[in-house]
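Architecture and fold: a report
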Amino acid sequence: MNLLSHLPALQVVIPLIAAPLTVLLRRRSVAFAVALIASWAALAIAVLLWLQVAESGTLSYAIGSWPAPWGIEYRVDRLNSFILILVSGIAALVLPYSRASIEAEVPPQQHYLFYTMFVLCLTGLLGIAITGDAFNIFVFLEVSSLSAYVLIALGRDRRALFAAYQYLLMGSIGATFLVIGIGLLYLMTGTLNLADMGLRIATVQGTRPVLAALAFITVGVSLKLALFPLHQWLPNAYTFAPSAVSAFLAATATKVAVYVLLRFYFSVFGESAVFAKLPMEQMMLLLALAGMFAASTIAIFQTDLKRLFAYSSVAQIGYIILGMSFDSVSGLTASIVHLFNHGVTKGAIYMLLGCVALGMGGTTLARVQGLGKRMPLTSFGIVIGGLSLIGVPGTAGFVSKWYLLLAALEKGQWWLVFMIVLSSLLAAVYVWRFVEAAYLQEPRKDTAEVAATPWLMSIPTAILVIAIVYFGLDTSFTIGTASDAAAALLGGRR
Amino acid sequence: MLTAEQAILAGMAVPLVGALLIPLARRVPNLREGITLVTAAALLACVLSLLPVVLSGARPGLVLFSLLPGLQIAFKVEPLGMLFALIASGLWIVNSLYSMGYMRSNKEANQTRFYVCFALAIASTMGIAFSSNLFTLFIFYEFLTLSTYPLVTHHGTEKARDGGRVYLGLLLSTSTVLLLPALVFIWYIAGTTDFTVGGILADKLGPTELALLLALCVFGIGKAALMPFHRWLPAAMVAPTPVSALLHAVAVVKAGVFSVVKVIVYVFGFDTLATAGAAHWLVAVAGFTIIAASVVALKANNLKRRLAYSTVSQLSYVIMAAALLAPLSLIGAVLHIAVHAVGKITLFFAAGAVYTASHKTEVSQLDGIGRRMPWTMGAFAIAALSMIGLPPAAGFISKWYMLSGAMATQHWLAVTVIVVSTLLNAGYFLPIIYRAFFVAPPADPHGHPHGEAPLLMVIALTTTAAGTVLLFFFPDVPLELARQMISP
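How each quantity is defined
- Residues numbered from 1 in each chain as written.
- Chains lettered and ligands numbered in written order.
- Predicted model: local features only at pLDDT ≥ 70, side-chain atom pairs only at ≥ 80, totals over all residues.
- Helix = DSSP H or I, 4+ residues; strand = E, 2+ residues; numbered from the N terminus.
- Buried ≥ 20, exposed ≤ 12 C-beta atoms within 10 Å, placed from the backbone.
- Contact = placed C-beta atoms within 7 Å.
- Rg over C-alpha atoms; globule rule 2.2 N^0.38 Å.
- Core = buried A, V, L, I, M, F, W, Y, C linked by C-beta atoms within 7 Å.
- Domains from an automatic or database assignment.
- Nonpolar A, V, L, I, M, F, W, Y, C, P; charged D, E, K, R; others polar.
- pLDDT = per-residue confidence, 0-100.
- Pairing = 2+ DSSP bridges.
- Axes fitted to C-alpha atoms, helices over the stretch in contact; angles between N-to-C directions.
- Parallel < 35°, antiparallel > 145°, perpendicular 65-115°, else oblique.
- Left-handed = near helix turned anticlockwise from the far one by under 90°.
- Expected span 1.5 Å × (residues − 1).
- Bend = angle between axes of the 7 residues up to and from the residue.

Here we come to the overall build of chain B. Scanning chain B from N- to C-terminus turns up 19 helices and two strands. Taken along the three principal axes of its C-alpha coordinates, chain B extends 70 × 55 × 45 Å. The 488 residues of chain B split such that 60% are buried. In chain B, the proportion of contacts linking residues at least 24 apart, taken out of those at least 6 apart, comes to 81%.

Summing up its helical and strand segments, chain A has 21 helices and two strands in all. Its C-alpha atoms give chain A a radius of gyration of 21 Å, near enough to 23 Å, the size a compact globule of 494 residues would have. For chain A, the spread of C-alpha atoms along the three principal axes comes to 70 × 55 × 40 Å. Burial statistics for chain A: of 494 residues in total, 63% are counted as buried. Restricting the contact set of chain A to residue pairs at least 6 apart, pairs at least 24 apart contribute 79%.

Judged by nonpolar contacts, the single largest core of 405 residues is most densely connected at Ile152 of chain A together with Ile319, Met320, Ala323 and Val334 of chain B. Taken domain by domain, the makeup of this core includes at least three residues from each of domain 1 (1-278) and domain 2 (290-488) of chain B. Ignoring sequence-local partners within four residues, the contact set of Val334 of chain B consists of Leu80, Leu83, Pro478, Leu481, Ala482 and Met485 of chain B.

Okay, the domain arrangement of chain B next. All names here are of chain B. Each assigned domain of chain B is listed here: domain 1 (1-278) and domain 2 (290-488). In this structure, domain 1 and domain 2 have C-alpha centres spaced 22 Å apart. Taken together, the contact between domain 1 and domain 2 spans 46 residues of the former and 43 residues of the latter. Listed by contribution, the elements that provide at least two residues to the side of domain 1 that touches domain 2 are α3 (79-105), α8 (232-235), α9 (241-268) and α10 (270-276). By residue number, the principal contributor to the side of domain 1 that touches domain 2 is α9, which donates 16 residues. Looking at the side of domain 1 that touches domain 2 residue by residue, the classes come out as 36 nonpolar, nine polar and one charged.

All right, on to the environment of Ala299 of chain A then. Residues and elements named next belong to chain A. Looking at the secondary structure, you find Ala299 in helix α13 (residues 280-300). Linking Ala299 and Ser313, residues 14 residues apart in sequence, is a C-alpha distance of 9.4 Å. Look past the residues within four positions of Ala299 in its chain and what remains in contact with it is Leu308, Tyr311, Ser312, Ala315 and Tyr430.

In this complex, chain A contributes 20 residues to the contact, which on the side of chain B involves 20 residues. Elements with a minimum of two residues in the side of chain A that touches chain B: α18 (396-410) and α19 (414-439) of chain A. No other element matches α19 of chain A, which puts eight residues into the side of chain A that touches chain B. Of the residues contributing to the side of chain A that touches chain B, the split by class is 16 nonpolar, three polar and one charged.

This part covers the confidence of the model for chain B. Note that predicted coordinates carrying low pLDDT should not be read in detail. All names here are of chain B. Counting all residues, the mean pLDDT for chain B is 87, and 98% of those residues have values of 70 or more. Across chain B, element-level confidence peaks in helix α5 (residues 134-152) with a mean pLDDT of 92 and bottoms out in helix α14 (residues 369-372) with 82. The ipTM, which scores confidence in the relative placement of chains, is 0.87 for this predicted complex, and the corresponding pTM is 0.91.

Take the pairing of strand β2 (residues 71-76) of chain B next. All names here are of chain B. Strand direction decides the pairing type here: strand β1 (residues 61-68) and β2, joined by six bridges, are antiparallel. By the bridge assignment, Leu62 is partnered in β2 with Phe75. What sits between the antiparallel neighbours β1 and β2 is a turn of two residues, in which Gly70 has the positive phi angle 85°.

Next up on the list: the confidence of the model for chain A. Model confidence for chain A is summarised by a mean pLDDT of 89, while 98% of its residues fall at 70 or above. Taken element by element, chain A is modelled with least confidence in helix α12 (residues 274-277) of chain A, mean pLDDT 66, and with most confidence in helix α5 (residues 111-130) of chain A, mean pLDDT 93.

We now examine the packing of helix α7 (residues 159-189) of chain A against helix α9 (residues 208-225) of chain A. Residue and element names in this part refer to chain A. The N-to-C vectors of α7 and α9 enclose an angle of 155°; their axes lie 7 Å apart at closest approach. As far as their axial angle goes, α9 and α7 are roughly antiparallel. Pair α7 / α9 crosses with left-handed handedness. Among the residues making up the contact of α7 with α9, the classes are represented as 19 nonpolar, four polar and one charged.

Residues and elements named next belong to chain A. With 24 residues, helix α4 (residues 78-101) ought to run about 34 Å at 1.5 Å a step, and its terminal C-alpha atoms sit 34 Å apart, in line with that. At Leu95, α4 is bent by approximately 30°, the largest bend along its length, and proline Pro96 sits one to four residues beyond. Of all the 24 residues making up α4, 23 are buried; the element is thus mostly covered by neighbouring parts of the structure.

Moving on to helix α6 (residues 158-190) of chain B. Between its first and last C-alpha atoms α6 of chain B spans 46 Å; for 33 residues at 1.5 Å apiece the expected length is 48 Å, and the two agree. Approximately 35° is the largest bend angle found in α6 of chain B, and it occurs at Leu179 of chain B, with the proline Pro181 of chain B only one to four residues beyond.

Moving on to the packing of helix α6 (residues 134-153) of chain A against α7 of chain A. All names here are of chain A. Following both chains from N to C, one finds α6 and α7 inclined at 175°, their axes separated by 9 Å at the closest point. Here α7 runs roughly antiparallel to α6, going by the angle between their axes. Along its contact with α6, which presents Ala134, Phe135, Phe138, Leu141, Glu142, Ser145, Tyr149, Ile152 and Ala153, the element α7 presents Ala160, Leu161, Ala163, Ala164, Tyr167, Leu168, Gly171, Ala175, Leu178, Val179, Ile182 and Leu185. Residue classes in the contact of α6 with α7 are distributed as 18 nonpolar, two polar and one charged.

Right, let's get into unusual backbone geometry. In the segment running from Phe228 of chain A into Pro229 of chain A, the intervening peptide bond is cis, with an omega of 0°. When you line up the elements, Pro229 of chain A lands in the loop between α9 and α10 (233-240). Backbone geometry at Asp203 of chain B places phi at a positive 60°, although glycine is not the residue there. By the element assignment, Asp203 of chain B lies in the loop between α6 and α7 (207-220).

Further remarks concern the environment of Ala215 of chain B. With respect to the helices and strands, Ala215 of chain B occurs in helix α7. Here the alpha-carbon distance between Ala215 of chain B and Leu456 of chain B, two residues 241 residues apart in the chain, equals 43 Å.

The next point concerns the environment of Ser487 of chain B. All names here are of chain B. For Ser487, the position within the fold is in the segment after α19 (476-486). Judged by C-beta crowding, with 6 C-beta atoms within 10 Å, Ser487 ranks as exposed. Sequence separation of Ser487 and Val197 is 290 residues, and the distance between their C-alpha atoms is 9.7 Å.

What follows is the structure in structure tokens.
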């Protein structure tokens, strides 16, 4: 019972402790075991936390028993318990996958470092999600980002170094902007506790430093979540990182950044009249639409599947931001549920691409010709993932699209309804580039010898692909949680 | 025996199970096709077991689960769905026999994939037929598009790829861009998407909005091939002929007009539309499609292309008849779904038989072919009579009802369209029959003597041709179902 009450701390502490352990133990199989246990424990804790929150409402945990707002508070509500499940769930699946996947991509003597960085990155992402303290968010953001830079740099291709460097530059600018914004808010409100900040901001709303803080935080976080046109780092990072890293980051890193934005916008600035002073909704709407159309169009012209789906991620982030810009329960529900659904979908796609890279020796469209014959199940999995990106019924993506359309209709914005469905057609175009290559082209001669996918890779991948369909059919968990979370975020104003 | 609820579920489950079993027998073609036939027979048995229940006035149904809060995947068998399921499952058996003959004689590749996708398409069709709300229908509608795509691109050639692009592109764009927003909107304003007698939109929208929403729905259901969204149908003709026969003369296109009729009758409601006068434009658009497609068919030399445009035209009969909002023409529309299915599948069967036996694809090559293939071209002639609407073929009955409905509502535009198009139908079908039987075959220097197509194919096309005549003499079941629909 005592242990149960410390779950919020353990959520972060367990992977944090696992990190130095992997370094100390060094042997790669032992390091793997430690990392695996840590990530599975993290998932178990996340599920328990979700259950607790579902049952008894928001949990507050004072680190070191220093009461909020003086001490650091970990605060678990419907929204972040959902994010915790996504992050730890993906980690729990990607980790066993990575064991076989990095075999071909990372030199064996560096494997234990891979696991170190992986659990550190997990720690950071979980920390961002769970903490109720603004400065703590920044700290964990740096933990996750620094480890992510290293993970990306581990890629086999030398261009991975450049990708990591690019991400490092952009990420650091983002983090700096974020900390400036947080600093300004601290200056004006005298507190770092998010909940407290949300209450106190009412007295200083509309002052120039608060508006500046909003701007800094928006730009900083947008860099991290790859909001168009601040997405430049993302395609390279996803393309050149080791497959397992692409899968993990694509499913979680940008999603956690979106969470940060949601938290600041709705829990901190939400109750104040800050939005009345700045046309944030219109701006986000424009950027979201630009991202949806521009990134999807760019995706159509890519020749490497990893890069194609990376641009697709930028476009899908547009949907999430579009949902936020509606500032309504349905809109936020769409955002939150899409954050989850897209995480699952993209995670699955990148895991599948890892299998393709291993089996066919690359992921360019030319190389995957005839994939339907060479690797039928993997190929079919990518098709399912692709259908979810388009938003075909029966997949998770449809659920998100439905709520997004509903939100647009509630606002009476018919033109937006058509923008949403038109951009999903662009997704159909880039997905069908893969389908035609995989099924309507004969396999190349040099891909005749397909390496069998190790079961450590295929089983986690299969689970995630099944999850795409599952969350497209049974939405009680996703929609249930997301709509509660959306209602709570907007609670003060309705 | 199955209860009605079990039979409904079996309607979807049986073909799905078949689709799972077929790949297991991929090394033994006879067993594989055996599984297809047994599956088809089992499906027909399930559907038939529902018929007496529906005829007795019951409307069995069940809720499978809630996909989204308030939006259920649910099924209910009403007369129209009953009729559609009956046609699709009945013709699947015949078509399977035909496929066996066709696919083997033409040595097609990837036959296992072919039969699997076929079974999946039929499962989706059953889902459409039994849907009890527009949401469920939409989901199965999309499944049907996706499951038929591999069939259209079956040959894997450049041409098949292009055909597949048009097929998927048009069907997916119309359903995503037009139908999906309409569906969300209907749910938003009505709070339900259930198919309800009398409609669910009464007093909710003004006349203009109703007309616009109807346009979103009718054009959004691209499978109904209303112009200008008809291009996918000729494009789909790159598929092997059994696909054109069952899917693009029966399952897919009928799913389209079936959905249109369902939407007009059970979502909008006759009275709502009639009061608002929101369906007049649809009569005109459908009428235009009927005439324009017939004119294109008249000029087409490729036989399958001519049949495809004939289908476009015939589908719009159903839409126009429904849009007239008259009980009599609705009976005509419902009957025409059945009648055209049986007739058009015969025509495609014949076209495929001609191709298999002689490798001829163009109308101009058919001189004297009736002398070599009397059964095939005889069946073709009977089915063509049905298309034109002459007795003793079933097409006469449905056209009679449609014409009566148009006259009863004094819709002279519709009357004119029906009369003119009948002439056009005769104009593009009779020359084929004339060529086949009365023009001497060209002197053939190379001498490729051929007789009838393989026996299985001839059996299949004779069966459906007999069906066209039988439906003329015994139209009781479809007629009763149609009557129940207008006076529930």
